[in-house]
Amino acid sequence: MIVFRLGRIRTPQGPGMVLLLPFIDSFQRVDLRTRAFSVPPCKLASKDGAVLSVGADVQFRIWDPVLSVMTVKDLNTATRMTAQNAMTKALLKRPLREIQMEKPKISDQLLLEINDVTRAWGLEVDRVELAVEAVLQLPQDSPAGPSLDSTLQQLALHFLGGGMSSVAGGAPLPEPADTLDMVNEVEPSAPHGGAGSSPKQPVAEGLLTALKPFLSEALVSQVGACYQFNVVLPSGTQSIYFLDLTTGQGRVGHGEPDAIPDVVVEMAEEDLQALLCRDLRPLGAYMSGRLKVKGDLAVAMKLEAVLRALK
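Calculation notes
- Residues numbered from 1 in each chain as written.
- Predicted model: local features only at pLDDT ≥ 70, side-chain atom pairs only at ≥ 80, totals over all residues.
- Heavy atoms only, no water.
- Core = buried A, V, L, I, M, F, W, Y, C linked by side-chain atoms within 4.5 Å.
- Buried < 20%, exposed > 50% of the residue type's maximum accessible area, 1.4 Å probe, protein only.
- Helix = DSSP H or I, 4+ residues; strand = E, 2+ residues; numbered from the N terminus.
- Pairing = 2+ DSSP bridges.
- Axes fitted to C-alpha atoms, helices over the stretch in contact; angles between N-to-C directions.
- Parallel < 35°, antiparallel > 145°, perpendicular 65-115°, else oblique.
- Left-handed = near helix turned anticlockwise from the far one by under 90°.
- Contact = heavy atoms within 4.5 Å.
- Nonpolar A, V, L, I, M, F, W, Y, C, P; charged D, E, K, R; others polar.

In the annotation of an unreviewed UniProt entry, the entry for the protein reads Stomatin-like protein 1, and the organism field reads Neophocaena asiaeorientalis asiaeorientalis.

A. Representation of the nonpolar core. One finds Met87, Leu91, Leu110, Val125 and Leu130 to be the most contacted residues of the largest nonpolar core, which totals 34 residues. Within the residue set of this core, elements represented by two or more residues are strand E1 (2-5), strand E4 (35-45), strand E5 (51-62), helix H2 (75-92), helix H3 (96-101), helix H4 (103-118) and strand E6 (123-137). It is H2 that provides the largest number of residues to this core, a total of seven residues. By size, the runner-up hydrophobic cluster in this structure holds 28 residues, among which are Leu211, Ala225, Val252 and Val293.

B. Spatial organisation of the sheet that holds strand E2 (residues 8-9). An order of E2-E1-E3 is seen for the three strands of this open sheet, with the pairing classed as antiparallel. Two strands in the sheet have a free side with no partner beyond their single neighbour: E2 and strand E3 (25-28). Alignment of E1 against E2, held across two bridges, turns out to be antiparallel. When the bridges of E2 are listed, arginine 5 appears paired with arginine 8.

C. Layout of the environment of arginine 29. Relative to the helices and strands, arginine 29 resides in the loop between E3 and E4. Sequence separation of arginine 29 and isoleucine 2 is 27 residues, and the distance between their C-alpha atoms is 6.3 Å.

D. How the structure looks around the packing of H2 against H4. Axis separation between H2 and H4 bottoms out at 10 Å; the angle between their running directions is 135°. Relative to H4, H2 is oriented oblique. Helix-helix and strand crossings are classified by hand; for H2 and H4 the assignment is right-handed. Residues Thr82, Ala83, Ala86, Met87, Ala90 and Leu91 of H2 touch H4, and the partners they reach there are Ile106, Leu110, Glu113, Ile114 and Val117. Considered class by class, the residues forming the contact of H2 with H4 number nine nonpolar, one polar and one charged.

And the structure:
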């Protein structure tokens, strides 16, 4: 029992009988026994794009009753939130296979990370057990086959890393012909001068140009939404593009859409590159904060269907 006499804390009393002065003393009981709680299963995205439902069982005890009363108002809620945040951060950095094969190792790491925070509250976590309830979506960047058309990847490499050949000492890339063909298709009105005289096209501009041949009524019926992309360039400026998949065969272009967009997506240019090259999944980008969504998250995740249509 923690006793406050006229607002000043006294030495912990009990267990057993404790004498209190009416109207002068106030008290708070502290249970020193080991207790447990469960982190409810929540949907998380792993590093390789898998979506899984993960929970955890946590056992803890209070080792300093004074700190547990003086430093934090709601000890149980604070401990639950700390455990859930630590679990989320740990799993976002790992692929699905590592999560499934190394659950004891991950649990031990969570134990240390949670204790680093809760020891200052007079609380110590004795045990953490990670529980993978279900795998809701398998990794899409699996070795079974490429999930994005190789031609589109070459196009992305051209727009995003056009200066790589000069960095490598001027040596040509292995597939210069394929890349040149894609440039001729995307930019039919390219100037007749040398390759170095044409200005470098923005990343998002190249992506949208590559999307045009893949727009169809089937994709419109599958997605049925209008997107606005606010792409933050390395210079700090922002370029706006739209993808309208609500009518006809769909439209894509520069600027704001004619109608009010269902979802506004904001991301950096380098994250757009990672998304295009399948190094980053839409859900994983959202969970890590690299993709900001204004609107319905479920509609935003339908962008995955747009990427699948590029196969």
